Structure formats: structure tokens, C-alpha cells
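Chain and residue survey
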2 protein chains.
Amino acid sequence: MTITASRTWADLCAHRQEMEKTHLRDLFAGDPERAGSLSLSFDDILYDFSKQRLTRETLGRLVKLAGEAFLPEWIERMFAGDRINVSEGRSVLHVALRRFSAPFPNGQFDVMADVLATRKRMAEFAELLRAGKCHGHHGMAIRDVVNIGIGGSDLGPKMMNQALRAFAHPTLRVHYVSNLDGAQLAPLLQTLDPRTTLFIVVSKTFTTQETMVNAETARNWLKSNLGDEVNLANHFAAVSSRPERAAAFGVSRDRVFPIWDWVGGRYSLWSAVGLALMIAIGPHAFDEMLRGAERMDEHFRTAPFAQNLPVIMGLIGIWNTNFLGATTNAVLPYNESLKYLPSFLQQLEMESNGKSVSIAGDPVDCATCPIVWGELGNNGQHAFFQLLHQGGRIVPCDFIASVRSDYPLPGHQEALLSNCFAQSSALAFGKTESEVRESMEKESVAPEEVADLLPHRVFAGNQPSSTLLLKTLAPGTLGSLVALYEHKVFVQGAVWGINSFDQWGVELGKAVASRILPAFDDPALASAFDGSTQALLAYCRK
Amino acid sequence: MTITASRTWADLCAHRQEMEKTHLRDLFAGDPERAGSLSLSFDDILYDFSKQRLTRETLGRLVKLAGEAFLPEWIERMFAGDRINVSEGRSVLHVALRRFSAPFPNGQFDVMADVLATRKRMAEFAELLRAGKCHGHHGMAIRDVVNIGIGGSDLGPKMMNQALRAFAHPTLRVHYVSNLDGAQLAPLLQTLDPRTTLFIVVSKTFTTQETMVNAETARNWLKSNLGDEVNLANHFAAVSSRPERAAAFGVSRDRVFPIWDWVGGRYSLWSAVGLALMIAIGPHAFDEMLRGAERMDEHFRTAPFAQNLPVIMGLIGIWNTNFLGATTNAVLPYNESLKYLPSFLQQLEMESNGKSVSIAGDPVDCATCPIVWGELGNNGQHAFFQLLHQGGRIVPCDFIASVRSDYPLPGHQEALLSNCFAQSSALAFGKTESEVRESMEKESVAPEEVADLLPHRVFAGNQPSSTLLLKTLAPGTLGSLVALYEHKVFVQGAVWGINSFDQWGVELGKAVASRILPAFDDPALASAFDGSTQALLAYCRK
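Scope of this entry: the structure provided in the associated data block.

Turning our attention to the overall build of chain A. Across its full length, chain A holds 22 helices and 11 strands. Here chain A has a C-alpha radius of gyration of 26 Å; the compact-globule value for 542 residues is 24 Å, and the two agree. Along the longest, intermediate and shortest principal axes, the C-alpha atoms of chain A span 80 × 60 × 60 Å. Classification of the 542 residues of chain A by burial places 65% in the buried group. In chain A, of all internal contacts separated by at least 6 residues, the share reaching a separation of at least 24 is 73%.

Glancing now at the pairing of strand β4 (residues 173-177) of chain A. Residue and element names in this part refer to chain A. Burial of β4 is extensive: four of the five residues sit out of reach of the surface. Here strand β3 (residues 144-148) pairs with β4 via five bridges, running parallel. Among the inter-strand pairings, V146 is bridged to a residue of β4, identified as H175. One crossover worth recording links β3 to the parallel β4 by way of helix α7 (residues 155-163), and it is right-handed.

Rotating chain B by 180° about the axis while translating it 0.0 Å along that axis superimposes it on chain A, leaving an RMSD of 0.0 Å. Taken together, the rotation and translation relating the two chain copies correspond to the operation of a two-fold axis. Residue W373(B) of chain B places its C-alpha closer to the rotation axis than any other residue of that unit, at 3.2 Å. When the interface residues of chain B are mapped onto chain A, 100% of them again lie at the interface, so the same face is used by both copies.

Our next topic: the sheet that holds strand β5 (residues 197-202) of chain B. Pairing between the strands of a sheet comes from backbone hydrogen bonds, and it takes one of two forms, parallel or antiparallel. All names here are of chain B. In space, the five strands of this open sheet follow the order β4-β3-β5-β6-β7, with parallel pairing throughout. At either margin of the open sheet sits one strand with a lone partner, and together these are β4 (173-177) and β7 (256-257). Where strand β3 (residues 144-148) and β5 come together, five bridges link them in parallel fashion. Counted as the bridge partner of I148 is V201 from β5. With respect to the sheet, helix α9 (residues 209-226) is in contact with β3, β4, β5 and β6 (236-239), its orientation differing from that of β5 by roughly 160°.

Turning our attention to the packing of aromatic side chains. What describes a pair of aromatic rings is the distance from one ring centre to the other and the angle between the planes of the rings. On inspection of all chains with the given rule, the structure shows 34 aromatic pairs over all chains. Both rings, one in W9(A) and one in F323(A), keep their centres 4.7 Å apart while their planes meet at 50°; by these two values the pair is tilted. Highlighted residues: W9(A) in helix α1 (residues 7-20) and F323(A) in helix α12 (residues 309-323), separated in sequence by 314 residues. Like W9(A), the residue F323(A) is buried in the burial classification. Here the aromatic rings of F384(B) and F385(B) are separated by 5.5 Å at their centres, their planes lie at 45°, and the arrangement is tilted. Each member of the pair, F384(B) as well as F385(B), is classed as buried. In this structure, R121(B) packs its charged tip against the face of F257(B), placed 4.5 Å from the ring centre. Seen from the ring of F79(B), R301(B) lies directly overhead, with NZ or CZ sitting 5.7 Å from the centre.

This part covers the sheet that holds strand β10 (residues 397-402) of chain B. Residue and element names in this part refer to chain B. What the six strands build is an open sheet, ordered β1-β2-β11-β10-β8-β9; its pairing is mixed. Edge positions in the open sheet fall to β1 (39-42) and β9 (371-374), since each of these has one partner strand only. Averaged over all neighbouring strand pairs, the angle between strand axes comes to 15°, with direction disregarded. Both strand β2 (residues 45-48) and strand β11 (residues 465-470) contribute to a ladder of four bridges, which runs antiparallel. Residue pairing across strands places L46 opposite L469, the latter belonging to β11. In this fold helix α16 (residues 413-429) packs onto β10 and β11, with an angle of close to 160° to the strand it touches most, β10.

Another point: the packing of helix α16 (residues 413-429) of chain A against helix α20 (residues 507-516) of chain B. In the contact formed by α16(A) and α20(B), the axes pass within 8 Å of each other and the chain directions differ by 130°. Here α20(B) runs oblique to α16(A), going by the angle between their axes. Viewed along their axes, α16(A) and α20(B) form a crossing whose handedness is right-handed. Touching S418(A), N419(A), F421(A), A422(A), Q423(A), S425(A) and A426(A) of α16(A) are L508(B), G509(B), K510(B), V512(B), A513(B) and I516(B), all from α20(B). Here the residues of the contact of α16(A) with α20(B) are counted per class, giving seven nonpolar, five polar and one charged.

This part is about the environment of P475(A). Residue and element names in this part refer to chain A. Tracing the backbone shows P475 in helix α19 (residues 475-496). Judged by relative accessible area, P475 falls into the buried class, the value being 2%. In the structure, P475 is positioned 189 residues away from F286 in sequence and 7.1 Å away in space, judged by C-alpha atoms.

Applying the stated rule across the entire model yields 38 salt bridges over all chains. Across the salt bridge formed by R295(B) and D43(B), the nearest N and O atoms sit 2.7 Å from each other. On the criterion of sequence distance, the pair formed by R295(B) in helix α11 (residues 275-302) and D43(B) in the loop between β1 and β2 is long-range, its members being 252 residues apart. Take D43(B): its relative accessible area is 45%, and that puts it in the partly exposed class. Across the salt bridge formed by E298(B) and R301(B), the nearest N and O atoms sit 3.3 Å from each other. With E298(B) and R301(B) both in helix α11 and three residues apart, this pair spans about one turn of that helix. Among the charged side chains, a network of salt bridges with common partners joins R98(A), D297(A) and E486(A).

Within the largest apolar cluster, 322 residues are counted, with the highest numbers of intra-cluster contacts made by I200(A), F421(A), L469(A), I200(B), W373(B), F421(B) and L469(B). In this structure, I200(A) is in contact with V145(A), V146(A), N147(A), I148(A), A237(A), V239(A), L275(A), A276(A) and I279(A), ignoring residues within four places of it in sequence.

The linkage connecting A102(A) with the following residue, P103(A), adopts the cis geometry, with an omega of -10°. Within the secondary structure layout, P103(A) lies in the loop between α5 (71-79) and α6 (112-130). Notably, D43(A) is not glycine yet its phi reads approximately 45°, a positive angle. A positive phi angle, close to 50°, is found at H138(B), a residue other than glycine. Take H138(B): it is sitting in the loop between α6 (112-130) and β3. Under the relative-accessibility criterion, H138(B) is labelled exposed at 63%.

The rules behind each value
- Residues numbered from 1 in each chain as written.
- Chains lettered and ligands numbered in written order.
- Predicted model: local features only at pLDDT ≥ 70, side-chain atom pairs only at ≥ 80, totals over all residues.
- Heavy atoms only, no water.
- Helix = DSSP H or I, 4+ residues; strand = E, 2+ residues; numbered from the N terminus.
- Rg over C-alpha atoms; globule rule 2.2 N^0.38 Å.
- Buried < 20%, exposed > 50% of the residue type's maximum accessible area, 1.4 Å probe, protein only.
- Contact = heavy atoms within 4.5 Å.
- Pairing = 2+ DSSP bridges.
- Right-handed = clockwise from strand over helix to strand, strands pointing away.
- Least-squares fit on C-alpha atoms with pLDDT ≥ 70 in both.
- Axes fitted to C-alpha atoms, helices over the stretch in contact; angles between N-to-C directions.
- Phe/Tyr/Trp six-rings, centres within 6.5 Å; stacked < 30°, edge-to-face > 60°.
- Lys NZ or Arg CZ within 6 Å of the ring centre and 35° of its normal.
- Parallel < 35°, antiparallel > 145°, perpendicular 65-115°, else oblique.
- Left-handed = near helix turned anticlockwise from the far one by under 90°.
- Nonpolar A, V, L, I, M, F, W, Y, C, P; charged D, E, K, R; others polar.
- Salt bridge = Lys/Arg side-chain N within 4 Å of Asp/Glu carboxyl O.
- Core = buried A, V, L, I, M, F, W, Y, C linked by side-chain atoms within 4.5 Å.

Shown next, in the form of C-alpha cells:
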């Protein structure tokens, strides 16, 4: 039986009909305890979901739904190392990457020896670099590290590096290059000294087109600038599950760090894929980040669902998507250091759950992952918030802020937070016609103008949001935050009955691209393609 | 009568029912001329919309709809300088900003004297800076320019500056600061020399909170670093319609550049708001950009609707949103230099048309602006394209690429373009069950595995997209591109019957924020707020 055929799903549909008539204004007015009872805290994170369009009753039903979708069993299976990524026949063990002791998941199948040994090698290499003892050309110390990777081999470490830049090494610079477009790598190379630059090539297969083209350009740049005496091994490290390919490229074996088939790219920040991040912030802060994630793992595995942050967060998304009809989810960080978080979550959620076939291969008969999008919230206020307030669309929002600034300046932080809190409040409660009329009368607007302007100045409100308030952007807190979202995705995948850990949808485009590429050199090949592709190729040749 | 009650709207609804049964595969198979007949070119831009889910018949009906929505009249009224921004009683004359001769809009109401004089002053100031003849402290040449502005005073110039960075001055550095969060300005200040830094404060009212807080921090930084002998006038310029306020802040009158009430922030890139951009790329390239926009204006004003790029682009959006039910629109640039384009278009579209009340004050009875979102396309392939291919949601996409790279490197550009063309092709045509079966048999996948994997490897296709292919990222071409999107927004506003030029929806949040701010210092004030705001404030005090 699919989950949508369950009694609880039907109950939720009925309940939705009541809730659709209820405004957040009524919910707050009717329950003075609402804010306290619809929020959870975990270490240095407050998760306030009282401005979601639901009640404790709603949550009770959603928790029941999670049980009927076998979420407890799925959680157990993941932590037990079962091959729950069935379409690829793999375990899903990113949680192992933030553990500190063996065995895990169990004595028979223990991945921790590899994990701990790799983490130790990473730390040694990172410390060497951070101490200026990693040598480039002619014994000069490496000063710039360039991470070459794309997707999960870029977004996670880059996002976290920006989030923790206050912890970064004072002089060592870390850069991230992902795009096949030369317009990313070429201008960066202009600012680098080849003698003191190290490239980390990150690709599970060591065949990712974008990454290999960028790596080759880097190698050519080193050769053409440093001449025959260049020792390429001094300028490269690699993260890959195919060390022999990395070695063939010219990476020294002792600088190839492994990654395993039980870690998906978008869950790999915690592995050697995070090497550039560890170099930036140091092994100690990296470990703190892991410990924060580990605490969230333990919470997810053990806390009752009604107090379980990832479970509640996931179920709220189910409510918004499958019952209130939201098609998107906005992520709005009120912290410049979290500027890459929306892109990171976009991959985490949309690549994991942007599917419409169940784990068993049947069509899913309900909506799945919404479009995840967003920008820095304060900037968004002056850009797209108009639509959130008056566009007539339901757009659930995640507001994310830190109480204390990582770069404090007088007069900034409290003003910033007041904007964050004000926006979620205004979105929830709006401004009624009579309130607008009253305030225009106070402003002494002429009566005929009041009538004209009134409809434009009314705010419907009832726009749902959650606020995640962190005490600080500490490594441990950020580790918990990212693990929270990872497990939220897992919860939703379980309810929708999909495999959140494969990504077959990325294959076709790659295959078509490899067929189109030769047609740039040989126009005769173009005739094999559809008319539009032919026309685009012809325009390129003009 | 509202547009949704028109006969043409009803015809389009009926037509939609046919089209919903038709796959892009069928449309291409049935019409070998499709690619040629469903594309337009304009100067160095090819606009291919053949992979949208429509036919020439659809377009014919949409063009008719535009007529019934009085689009020709609205265009005429905008160019005539009528006060079509009725809720604010203002003309809408950003098109004047890219003209080179007076009078405009007409002899009685001519804005061109101001426009041309301001452009000349901007050019003189920009040339001074570019020649190293603008002096900071003790006669030292200014080397860093920091634009302080937010929303329209940030996104436009920042986006275009990145797009045209290949044209930028070799040594003068231009930075953009918008966020109230100190974590944007503070780390930047650490890299700057106060003696050689100039801040441009951009705010129409000169009261924008974010901008004024950042400007004050900049002023304090100059004072505390340069001491009593600092001449603040050497370190500031301003763009504002309230010059007296800029002067009171400490900006020299001859460095205050005007902006007018007939330009909305999100349409102001072409005005003095673009000063930092002009400083970066020089007055000549800036003029070329204006000329490109002016050519698009002329095209929009005069071309028959069936050959009119902004009209067709706008109507395709109407088709996708109001008839095919799309709720979002993805913008996917295949050029690193266009990385801020999605954010810019987010503001342009969502702040202009994210409304649900008509220009006459009535509720709009159809969907209006979709959520505009996106990322660099090549990066997106490794992040969220999974959902575009297999998520089961309709997501119209704008693919944007340039034939020639602005930073060419061997092996990059053709591979990049082949990905761009391949993705739109794969999204349109997908891969059928029998095609998947065939390719798995070729790969010698075991029969039982074929059955298991088959449903996961099928691509439904039929995902609509357009491709905008530019010959190069030249200033004129980019000017045309941005004007194209501006007018697209105008077309859609006309069809939906809304005022695309006000933004009442940004007011409430600002008002609430100003009430919350004092509660940080005086906890007793918190009791005036809703329970959630109170709880958030209490958490901050812990």
C-alpha cells in the first residue's frame, strides 16, 4: 500500500480543509503557549516552527504518518549499514564519517578503520600545509590551495569554508573551482603564483568532465610557467575512489585520499572531500564540526519523533508540500557567511528527493521535493520579498540567523536580527484592511487616496516560516545544522517512499553532451540531432 | 472585463487541453521547420524557443491576448511618459536613460537634459578615477571603490560588473557591499587601505537602513584610521534624489549624482546608480551597453508582436504560468561571468510582478509572477538538475550562453556549450522506456537488473526551455539582454493587469523591524509582539 492510500493520509487531507480556513493570526490568538510548544532546541540551536500553518494536532498526525511510512525502521537500517541505496546496491554511511570510534556500523562490517586512518592522514597533510612546511617549486611553501571539484565535491566544502571563514588560517588561501567555463579558472590563475600553488582534484571516479578539464588546464599552466623542472607531484593532491587514475594523472600516491561507495557526493563534506576545508580551518575545528554532526545523528537516531528536530522539520515540509500545496521552499540566511547555504541545500534536497519513482520502481502518486531556492535574507528583502508578501503564492521559508555575529561591528547585528524577526512576523500576520486604513489615517493620507491605495497596502499574511536561530557560527553548531538538513531529507524520502541516495537523473545529459561535442569540429555530425540542437550548433559556427 | 474572462483566454484554456497531450517529441517530429520558425534573432542574440511546449497556433492566440490586454497602448503610454505607475503617481522612463538625444519623451516633458548632463558628470568622474587623478588622503590616488547600496542599488551594477569584468580597469578595484550584516563589510575593510578608498553611497532617499548603517561604519573606519586630518569629502560620492541629505552626511555636492522618481530601483542600472560599473568598465563600454539597451527598446516599441523578442518571451511565460501551471522559472547561465544574473532577474521579475492586486485595486484572478531562481547551469547539472529531469514538476528553464568565451582556455568552451545544448535537449526529449532498455542491453546489464533499474533510468522529457545564445559577452549585447528581460516583465504586467513599477509589499517588514529593534535594549518592549517574536528575542538575550 502506498502512503497516500493510508488512513492517516486521508485524515491529514481532511484536517487540511480545516486548517486552510485558519489564519496564523487565529492560531496565535487562540493559543498563548503556541510559540513555546511549537519550538525545539538542540545545543546552541533554537528551531521555532510556531509560524508554520499547523497545530499540535497536525504534528501528531504527521508523526503517525512517519510511523506508517516505516521511518523508525529506515533510520535503523541506515545506521545498521543496510544497502538502502538499492538501485546502486550500496550502504548509506555518511554518519560514519563523523564518528570517532570503531566499530561502526558493526563488528562484521566496520568502516571506521578506513575512516579514522583517512582523517588522520588528512590532518597530517593539513597541518603540514598550515605550518608552511608543504613545499611547491624549489622548496617554496605552498600559499594557495585550489579545490577542483563540482557538485558535492565543491558545494559542501565551499559552503562550510565560507561559513567558518572567521576560523580560517590567516595567510593560506583556499579557492574553489567547479565550472567547466574557463571564465572561472582563467581569472583565478592570473592571481596565483604557480610555484606556491597546490591543486586538490576531487572526483570519485576521477573522470568527471568538468573536474578533469580544469585539472588538465592547471597542469598545463604549471608546466608552461615552471618549465621542464616542474615536479607536478608537489602541486597536486587528489580525493578519489580510483587512486590508480589519480596516480596516472601525476598525483603522488601518498597524496591521494580515498572516498568510498557508501558516501554520496552531496553527503561527502565530512570525508576527504572536505580536505580543502580542513586545510582552511584546521583539523581541530574540523573535528568540532564532525562532533556537532555526530550529536545530531545521535539525536535523530534516539529522540522521540515529537522532539526530534530532523523528523519534525521533514514532516513540516511534507505538510507544506503535500497538503498545503507549496511547490517551493525558500532558504533565507541572515548571515553573509552562510551565503552558499541555499545552493548547498538546493543540491542536498533536490538531488536526493527530486524523483518521481519509488524505491520499488513504481510511480510516486504525490508531489515530492519542492524547488529549494533562496538568497541572503536581508538582500532578498530588497529584491524578491515583494512576492513573498503580496504575490499570492504559498512559499514556506526557512529563516536562519546567528545571535552573535562572526564579524561584529557596532550597530549592525541587532538591526540585522530585527529585520529577520520582522520579516517572518510580517509574513505570518500581515496587515489587514482596517489596520492599513488606520495607519493611513494616522499618516493623514487624503481620503480619496486612502481608497485608491488601500488594496495595494494590504498584506494577506499567513505565509508559513520556520526560524533557525544559532547562538554563533561555531563549527559544532554548523555541523549540527547541516546534519539536521541531511536527516530532514532522509525523513522526507522515507515518507515519499523514494531512494534519496541515487541520482539517475544526471546521466542522460552527460551522455547527450558527449555526443554533441564532436559536432563542433565536424559539422556533418550535427544532422543526427534534433532541429533545435542543429540550429544552435549552426549559430556557433556563424 | 478582466483578461481571464476574455474569449481568447478561454480559447487558450481549450488549446491547453490539446497541448497537454502533446509531447515535445511529437512537436519536433511533426514539424521539421520547427526550430527555425520558433526562434528569433536580434543583433548578436539568438532566442530559440522551439523547445517550449507550444506551436505557432499557441503563439498566435497569445499575441491576440496581448492585444486584448491593451499591450500596444501600454507600450505607447510608457514611451510617452504617462504616469503609468499610478499608485505612486509616476512616469516610468528608464528607457530615457539609454537615449542619446533630446527631447524625450516629448518637448513638453523632456527628461533628457538631466539625463545627458548626469551621464557627462559621471563620465568625467569615472575618467578621473580611472586615470589615477582622483585623490584620497594626502593626494594619494584612489585605488579601491566600494559601492554601498542594496536591492536595485546593488544587484544591477554588480551583476553587470561581473558580466563585463573582462573589460574592467586593470588596477582599480570595485567592490559591492549591500548586507546589513557586518560579516560583509568588516572582512572587506580588512583588505582596504583607507587612504586610497572611495565609497559611493547609493540610496534614492538616503535613508535606506542597510545602506546608511554601512556608510556610517565606513565613515567611522576612515576617521579612526586617518584621524583628525581626514577630509571625508575625498572618500565619498553619492547617488541620491535627496542631495541635501548626502551633503549633510559629508559628501561634497559636486560628487552627488541625481536619480529621479521616474526610475525604479530595479530599473536603475542605466542611471547614476551604475556609477561604480562605469568606473570599472569605463564610459565608452558603458555607452555601448546603453546603446544595446536602446536598440532593444526600439525593437520592443516597433517590431510586430510575432517578431518581438520581449513580447514573445513575456507571452511564453504567461503560457507556462497561466496555462501549463508552472510555478517557477529557472535561469541557468552557462557563463561564470553571468553568475549574478539569476539574482538580478529574481528582483526584476518578482519585485515587479509579485503582486495579486490589479492596477485598479481589484484582486487578480489568475496566477502572476512565478518564483524566479537559478544558478550557473553547469554547476546546477551536478546539483539540482536531477529534479528538472525526473522530479515530475514542470520547470520552464532559460538557458543562457555565449558562443565565444570571455576568458578562453583550450578545451573548455565547446565542452561547456555541448553541456548547455545537451541539457535542454535531454529535458525536452527525455529517454523512453524502450530506449533505456535498448541502451542497457547494449551495456550488457543482466536481465533481472534491467527490470529493476528501468523505471529509475527513464526520463519523461517534455520539460520546456528556451535558449538565449549570445555571440559574445559584449557590453552592447548585455545591454540588449537586460532590456529584453525588463520589457518581458512589462509585457507580463500588462497581461496580468498589474502595476509592475510599485513595491508596496516591502513596506510592512521595514515598519515592523523598526519597532522590534529597540526591544533588544529594552526587554520590556518585547511584550508588544507576537509570542514567536518574543521567544526569539528572549533566546538572543540568553
